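# What the coordinates show
The residues making up each chain are set out below.
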Amino acid sequence: MDFEKLWHQILLTATEAAFDVATVPQNNRTPLWFNVYTKEAHLYVDNTSDNSPSVRLSGARRITKEDFLNVAGYYERWKNGETHLRQEVREQSRNTAYIFGLISQFSKA
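First, a word on what this report is: a plain description of the structure on this page. (Residues numbered from 1 in each chain as written. Predicted model: local features only at pLDDT ≥ 70, side-chain atom pairs only at ≥ 80, totals over all residues. Heavy atoms only, no water.)

## Some points on the overall build of the protein
Heads up, the rule is: The secondary structure listing takes helices from DSSP runs of H or I that are at least 4 residues long and strands from runs of E that are at least 2 residues long, numbered from the N terminus. A radius of gyration in this sense is built from C-alpha atoms; the matching globule rule multiplies 2.2 Å by the number of residues raised to 0.38. Exposure is judged per residue with a 1.4 Å probe applied to protein chains only, and the accessible area is read against the type maximum: over 50% gives exposed, under 20% gives buried, and values in between give partly exposed. Throughout, a residue-residue contact means that at least one pair of heavy atoms, one from each residue, lies within 4.5 Å. Each accessible area is a Shrake-Rupley estimate made with a 1.4 Å probe; only the visible protein chains count as cover when residues are assessed. Charge counting treats Lys and Arg as positive and Asp and Glu as negative, with His and both chain ends excluded. A charge is said to be at NZ when it belongs to Lys, at CZ for Arg, at CG for Asp and at CD for Glu.
A count of helices and strands for the protein gives five helices and four strands. Counted from the first residue to the last, the protein has its helices and strands arranged as α-β-β-β-β-α-α-α-α. Here the C-alpha atoms of the protein give a radius of gyration of 13 Å, agreeing with the 13 Å that 2.2 N^0.38 yields for 109 residues. Each principal axis of the C-alpha distribution contributes one length, and for the protein these read about 35 × 30 × 25 Å. Counting every position in the protein, which comprises 109 residues, the buried fraction comes to 41%. Taking all contacts inside the protein whose residues are at least 6 apart in sequence as the whole, residues at least 24 apart take part in 47%. Per element, the accessible surface of the protein, about 6600 Å² overall, is 44% carbon and sulfur. Distance between charge centroids for the protein: 5 Å, based on 13 positive and 13 negative side chains.

Set out below in structure tokens:
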């Protein structure tokens, strides 16, 4: 998967209009929705009022290209069920759930 291309696709889509995406839990938890938008050419995630249940962030979180590409490198291993990987990735970024949700959503398109 070309994560660089995927990043640009996500950024372009969010620039055209904000949209909601759900997290992708690997256990039996309910997916949580979050809103994705751009501001001054940066990608942000935040709570949403359009879908339920929503994540509960105290404020918008910025996702940088570097953060996205770093976490994306773990996506295939996570998707294939590698255990304890999420904890390892969480040490790298606090945006793991949002990045995995975005990759899952846009890799289907």
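## Some thoughts on the pattern of salt bridges
Definition in use: Take a side-chain nitrogen of Lys or Arg and a carboxyl oxygen of Asp or Glu: if they are within 4 Å of each other, that pair is a salt bridge.
Evaluation of the coordinates by the stated rule reveals two salt bridges. Here Glu 4 and Lys 65 are joined by a salt bridge, their closest N and O atoms 2.4 Å apart. Of this pair, Glu 4 sits in helix α1 (residues 3–16) while Lys 65 is found in helix α2 (residues 65–72), placing the two residues 61 residues apart along the sequence. Residue class for Lys 65 comes out partly exposed when judged on its relative accessible area of 31%. Measuring nitrogen to oxygen at the nearest pair gives 2.8 Å for the salt bridge that ties Glu 82 to Arg 77. The class of Glu 82 is partly exposed, set by a relative accessible area of 34%. For Arg 77, a relative accessible area of 33% gives the class partly exposed.

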